[in-house]
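Structural overview
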Amino acid sequence: MKTRILTGVVGGTLTLAALYASVYYPVVLTIVVLVLCLIGIHEALKTAGAEKVKAIYAPCFAYGIAVLLAPYIRDQVKMYGVIMAASMLFLFVMFGILLRKHAVLRIEAVCTSMILTMFVALPFMVVEFIAGMGKTRAGGILLVLFCLGVAWYADAGAYFIGRAFGRHKMAPVLSPKKTVEGAVGGFVISMIISLGSAYIYADVLSYRPGGINYLNMAVVTAACILMSMFGDISFSTVKRQYGIKDFGNLLPGHGGVLDRFDSVLFVCPSFYMLNYLLPILR
């Protein structure tokens, strides 16, 4: 547990430093997200067994880079056009590799590689979209921090409450350590910290007095917490089916990038979509 906590403290500090720097230098966020994306894609390909055919790495990495750099295209129509074109070209190239390497490469590995690559790259791209949602750059970065917090508060709360009070298994086959008590505790803790920190920032410290719709924020936060749990259990299912404990070992006590960001990959797109229906900023 000490290793897990220490890694969390160090990782959290580096995350805050990177987000703070990206307020003044937006390229910092792009670089950090791109590195995390490429590491996540590597972990996904290794899990899918695609490392037997090295040729599959190039189109997956190229797709991740293309998608992460797409937000730099200022024209929104052109940007979405590039993302769509990159996605279709990626699918064509991957099936081309399957045709050429069909003797050593299974279609299951190709399809899993495609799905996981897209599911890593596209949500990480949304992080940059969220950073641009605020009226100021600092406001957008705070929204990114909010999304990370929602996911990680829920995860940490579920972990510690589950260890202390967990009795009823939530998914004994897919993730034996997850409990109903932990899930409820994580939900409550994430709601309290997320809404509480927003209130302190906006109204107590008067950085944005009266500028937050707390009813909308409560609904969006609750939905995002549930999606973070869905993401966690979804990636646990992938690991269970491939017979692995973690996607990687980059983060001691936590596993790999996908082990740490699995819930975030579900929260960010959910927040981005829900905020259009229920805006949290007035």
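What follows concerns a nonpolar patch on the surface. A contiguous nonpolar surface patch, about 860 Å² in accessible area, is contributed by Leu16, Leu142, Leu145, Tyr199, Ile200, Tyr201, Val204, Leu205 and Tyr207. At the level of elements, helix H6 (137–165) and helix H7 (180–204) are the ones that each hand at least two residues to the nonpolar patch. Looking at which element gives the most residues to the nonpolar patch, the answer is H7, with four residues. Along the polypeptide, valine 204 turns up in helix H7.

All told, the structure shown has five salt bridges when counted by the stated rule. Ionic pairing is found between aspartate 232 and lysine 178, a salt bridge with its closest N-O pair at 3.4 Å. Of this pair, aspartate 232 sits in helix H8 (residues 214–242) while lysine 178 sits in strand E2 (residues 175–179), and the two are 54 residues apart along the sequence. A residue is classified by how much of its surface remains accessible, and aspartate 232, at 15% relative accessible area, is buried. Across the salt bridge formed by aspartate 259 and lysine 239, the nearest N and O atoms sit 2.8 Å from each other. Here the residue aspartate 259 occupies a position in helix H9 (residues 257–277), and lysine 239 occupies one in helix H8, the gap between them amounting to 20 residues. The class of aspartate 259 is buried, set by a relative accessible area of 10%.

Glancing now at the side chain of threonine 112. Examined against the element boundaries, threonine 112 turns out to sit in helix H5 (residues 107–131). Take threonine 112: its relative accessible area is 18%, and that puts it in the buried class. There is a polar contact of 2.8 Å between the side chain of threonine 112 and the backbone oxygen of glutamate 108. Not counting the four nearest positions on each side in its chain, threonine 112 is found in contact with Ala48 and Tyr242.

To continue, consider the confidence of the model for the chain. For the chain, the mean per-residue pLDDT works out to 90, and 99% of the residues sit at or above 70. Confidence, expressed as mean pLDDT per element, reaches its minimum in the chain at E2 with 82 and its maximum at helix H3 (residues 57–69) with 96.

We now examine the packing of H8 against H9. At a minimum axis distance of 8 Å, the contact between H8 and H9 shows a crossing angle of 140°. Relative to H9, H8 is oriented oblique. Of the two possible hands of crossing, H8 and H9 adopt the one that is right-handed. Contacts between H8 and H9 pair Val220, Ala223, Cys224, Met227, Ser228, Phe230, Gly231, Asp232, Ser234, Phe235 and Lys239 from the former with Leu258, Asp259, Asp262, Ser263, Leu265, Phe266, Val267, Ser270, Phe271 and Leu274 from the latter. When grouped by side-chain class, the residues that make up the contact of H8 with H9 number twelve nonpolar, five polar and four charged.

Calculation rules
- Residue numbers here run from 1 along each chain, matching the order of that chain's written sequence.
- Given that the model is predicted, a residue must reach a pLDDT of at least 70 before its local features are reported, and side-chain atom pairs must reach 80 or more before they are shown or counted; all residues, however, enter totals for whole chains, interfaces and linings.
- Hydrogen atoms and water are omitted, and side-chain values are computed over all heavy atoms in the structure.
- For patches, a residue must show more than 30% relative accessible area and have no salt bridge; joins then use 9 Å for like charges and 5 Å for nonpolar side chains, namely Val, Leu, Ile, Met, Phe, Trp and Tyr.
- Only the protein chains shown count as cover for residues, and all accessible areas are computed by the Shrake-Rupley method using a 1.4 Å probe.
- Each salt bridge in this description consists of a side-chain nitrogen of Lys or Arg and a carboxyl oxygen of Asp or Glu lying within 4 Å of one another.
- Helix and strand definitions here come from DSSP, where helices need a minimum of 4 consecutive H or I residues and strands a minimum of 2 consecutive E residues; each element is numbered from the N-terminal end.
- Throughout, exposure labels follow a simple rule: accessible area from a 1.4 Å probe, protein chains only, divided by the maximum for the residue type, with under 20% read as buried, over 50% as exposed, and the rest as partly exposed.
- Pairs of N or O atoms within 3.5 Å make up the polar contacts considered here, provided that, within protein, one atom can donate a hydrogen while the other can accept it, and that residues adjacent in sequence are counted only when both atoms are side-chain atoms.
- A contact between two residues is defined here by any heavy atoms of the two lying within 4.5 Å.
- Scored between 0 and 100, pLDDT is the confidence that the predictor attaches to each residue.
- Axes, fitted as lines to C-alpha atoms, cover a helix only where it is in contact. Angles between the N-to-C directions of the axes lie from 0 to 180 degrees.
- Orientation labels follow simple angle bins: below 35 degrees gives roughly parallel, above 145 gives roughly antiparallel, 65 to 115 gives roughly perpendicular, and whatever is left gives oblique.
- Handedness of a helix crossing follows the sense of rotation of the near helix relative to the far helix, less than a right angle counterclockwise being left-handed and clockwise being right-handed.
- Here the term charged refers only to Asp, Glu, Lys and Arg, the term nonpolar to Ala, Val, Leu, Ile, Met, Phe, Trp, Tyr, Cys and Pro, and the term polar to all other amino acids, Gly among them.

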